[in-house]
Amino acid sequence: MQKFVSADALRERFSQAMSAMYQQEVPQYGTLLTLVAEVNQQVLAQDSALVERLTAADELSRLSVERHGAIRVGSAQELNTLRQLFAIMGMYPVGYYDLAPAGVPVHSTAFRPVAADALRRNPFRLFTSLLRLELIEDAALRQKAQSILAAREIFTPRCLALIELHQQQGGFDEQTAAEFVREALETFRWHRQTTVDRATYYALHQQHRLIADVVCFPGCHINHLTPRTLDIDRAQALMPERGIVPKAIIEGPPRRQVPILLRQTSFKALEEPVTFCDGGEGSHTARFGEIEQRGVALTPAGRQRYDSLLTQAGSGSDNQQHQQHLADIFQDFPDNERLLRQQQLAWFEYRLTEKGRQQGFPPDADKEALIDQGLLVADPQIYEDFLPVSAAGIFQSNLGEQAQESFSAAASRASFEEALGGAVIDEMTLYEARQTASLQRCGLS
Ligand code: OOG
Ligand code: NI
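I will try to describe carefully the structure that is included in this document. (Residues numbered from 1 in each chain as written. Chains lettered and ligands numbered in written order. Predicted model: local features only at pLDDT ≥ 70, side-chain atom pairs only at ≥ 80, totals over all residues. Heavy atoms only, no water.)

The coordination sphere of the nickel ion (ligand 2), as far as protein atoms go, consists of H68 (NE2), H224 (NE2) and E290 (OE), spread over 2.1 Å. One chain supplies every donor for the nickel ion (ligand 2), spaced along it as H-x155-H-x65-E. Here H224, found in strand β5 (residues 224-227), pairs with E290, found in strand β9 (residues 289-294); they are 66 residues apart in sequence, far enough to count as distant. For E290, a relative accessible area of 2% gives the class buried. (Donors = N, O, S within 2.8 Å, 3.2 Å for Na, K, Ca; no water. Helix = DSSP H or I, 4+ residues; strand = E, 2+ residues; numbered from the N terminus. Buried < 20%, exposed > 50% of the residue type's maximum accessible area, 1.4 Å probe, protein only.)

Quick look at the structure:
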């Protein structure tokens, strides 16, 4: 039998290739990577307990390769082909995010690995948005955007052939794997040449900057890549020293003893020169850089608490004030692991210690007592997904300062799944299954 390259290896190579390409395209992203690596090193050097814990949970090695990216597509067909492309790399659509209420005319999912060992190996994820053309009010312009999108092909012919080949034979040998990564990368490359004339670009831009970004280019350029930091406050504070101007506030929850969900900040999109297809120069702002700090995934009950506290806190314009205000409001959210477990607000993964393996215990033993006796360890499950409010904040900060109108169209998960060609996976069932499986492995019911 032929030996195939694993999906995990393909994803790892692809994520490395994307990162290398983006460093070339947006040199500030390289600066950001260096900064994050330094901050992570400092945090680990100062916190041996954290190192020990991450090592024992086998979570340390993924840190340096970890990043997410974001792309935006214009048609059902493009989204559907992306689903097939990412499946080859072990990335599946998880979660549905409707950004229309926040004034962004897209709905989205995240393509990411789902199995625990795949996440440990390389958790590369892509936040993928589908433009909602139906939200363009001007019928003529909507029609025009539709026909521009219908005429483009964002995948190379060889990439499409390789997707088909993979579906037929179930894998790639070494040589084909390398070719696949090269060809797949082309879809996400930046093109400074638009496919439309100046007038069309500005007409679409006038409707919404994002619409111009999705419709006017030959591919779906990667618009940011985001490394994972262990201390986002420190990284944010150091950004100006490195010549990077961060967005005003860090999105998401405040700093905590037990970090929860996801905190994010970004630098402003670059103004990049473009050439219109009828000649003439213009500029386009779409591509930026972002960093994030990931914490424990919350259960539906925890998430509900988070959402309501965040709404209560509102937003601010001064980061220090906003963080202090958030910290005050989030006093109501338990901030130690035991309480998070006991109140079932967060997801954990359990494992036995050496002592636990030797000593044994009945399946109905009290988990907290076993933890106290040093027989059992509960590692927080990292939140692998995204936050729509934060995502909207990131989108907005890169769409200029002017207020965006809010689209009131009802959430349309069904139409998204129809375009995708399959259902999105519910992230909560993944976290829950992982917790349950870990308890079973430990012999607990
Ligand atoms: C995606 C913005 C969302 C995040 O980290 O929340 C995102 C986009 O700008 O296309 O990447
Ligand atoms: Ni992002």
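This is not the end of the story, as more comes after the structure.
Right, let's talk about the packing of aromatic side chains for a bit. Scanning the entire structure with this criterion turns up 17 aromatic pairs. Taken together, a centroid distance of 5.3 Å and an interplanar angle of 55 degrees make the contact between Y201 and F276 tilted. Highlighted residues: Y201 in helix α10 (residues 198-207) and F276 in the loop between β7 (271-275) and β8 (281-285), separated in sequence by 75 residues. Taking relative accessible area as the criterion, F276 reaches 1% and is therefore assigned buried. One aromatic cluster is present, formed by F14, F86, F111, F124 and F188 through successive ring pairs. Seen from the ring of F386, R294 lies directly overhead, with NZ or CZ sitting 5.5 Å from the centre. A cation sits over an aromatic face here: R341 above F348, 5.3 Å from the ring centre. (Phe/Tyr/Trp six-rings, centres within 6.5 Å; stacked < 30°, edge-to-face > 60°. Lys NZ or Arg CZ within 6 Å of the ring centre and 35° of its normal.)

Pairs may arise between side chains of opposite charge once their charged atoms sit close together. Counting across every chain of the model gives 41 salt bridges. Residue R125 pairs with E292 through a salt bridge whose shortest N-O separation is 3.9 Å. Of this pair, R125 sits in strand β4 (residues 125-131) while E292 sits in strand β9; the two residues are 167 residues apart in sequence, bridging distant segments of the chain. Neither R125 nor E292 differs from the other in exposure class; each is buried. (Salt bridge = Lys/Arg side-chain N within 4 Å of Asp/Glu carboxyl O.)

Moving on: the pairing of β5. Taking every second residue as pointing to the same face, both faces of β5 are buried, with H224 and T226 on one and L225 and P227 on the other. Sheet analysis places strand β1 (residues 67-73) next to β5, joined by 4 bridges and oriented antiparallel. Following the sheet pairing, G69 is matched in β5 by L225. (Pairing = 2+ DSSP bridges.)

Strand pairing in a sheet relies on backbone hydrogen bonds. The paired strands run either parallel or antiparallel. Strand order in the open sheet made by the 5 strands is β2-β3-β4-β1-β5, with mixed pairing throughout. Bordering the open sheet on either side are β2 (92-98) and β5, each of which pairs with just one other strand. Neighbour-to-neighbour, the strand axes of the sheet open up by a mean angle of 20 degrees, direction not taken into account. Looking at chain direction, β1 and β4 are connected through 6 bridges and run parallel. For I71, the partnering residue across the bridge sits in β4 and is T128. Contacts from helix α1 (residues 7-25) reach β1, β4 and β5 within the one sheet, and its direction differs from that of β5 by about 115 degrees. (Axes fitted to C-alpha atoms, helices over the stretch in contact; angles between N-to-C directions. Contact = heavy atoms within 4.5 Å.)

Taken together, H68, A70, R72, F127, N223, H224, Q264, E290, F386, A391 and F395 form the complete shell of residues around ligand 1. Measuring from an oxygen atom of ligand 1, one finds a side-chain N or O atom of H68 at 3.0 Å. Contact between ligand 1 and N223: an oxygen atom at 3.0 Å from a side-chain N or O atom of the residue. Within the complex, the protein chains bury 100% of what would otherwise be the 310 Å² of accessible surface of ligand 1. Take the shell around ligand 1: its biggest share by element is 3 residues, from β1. (Near = heavy atom within 4 Å. Polar contact = N/O pair within 3.5 Å; in protein donor to acceptor, adjacent residues only side chain to side chain. Areas by Shrake-Rupley, 256 points an atom, 1.4 Å probe, with all protein chains shown as cover.)

Another point: the packing of α1 against helix α2 (residues 27-46). For the pair α1 and α2, the least separation of the axes is 5 Å and the interaxial angle reads 120 degrees. Classified by the interaxial angle, the pair formed by α1 and α2 is oblique. The segment α1 lies against α2, with S19, Y22, Q23, Q24 and E25 engaging P27, Y29, G30 and L33. Here the contact of α1 with α2 is composed, by residue class, of 4 nonpolar, 4 polar and 1 charged. (Parallel < 35°, antiparallel > 145°, perpendicular 65-115°, else oblique. Nonpolar A, V, L, I, M, F, W, Y, C, P; charged D, E, K, R; others polar.)

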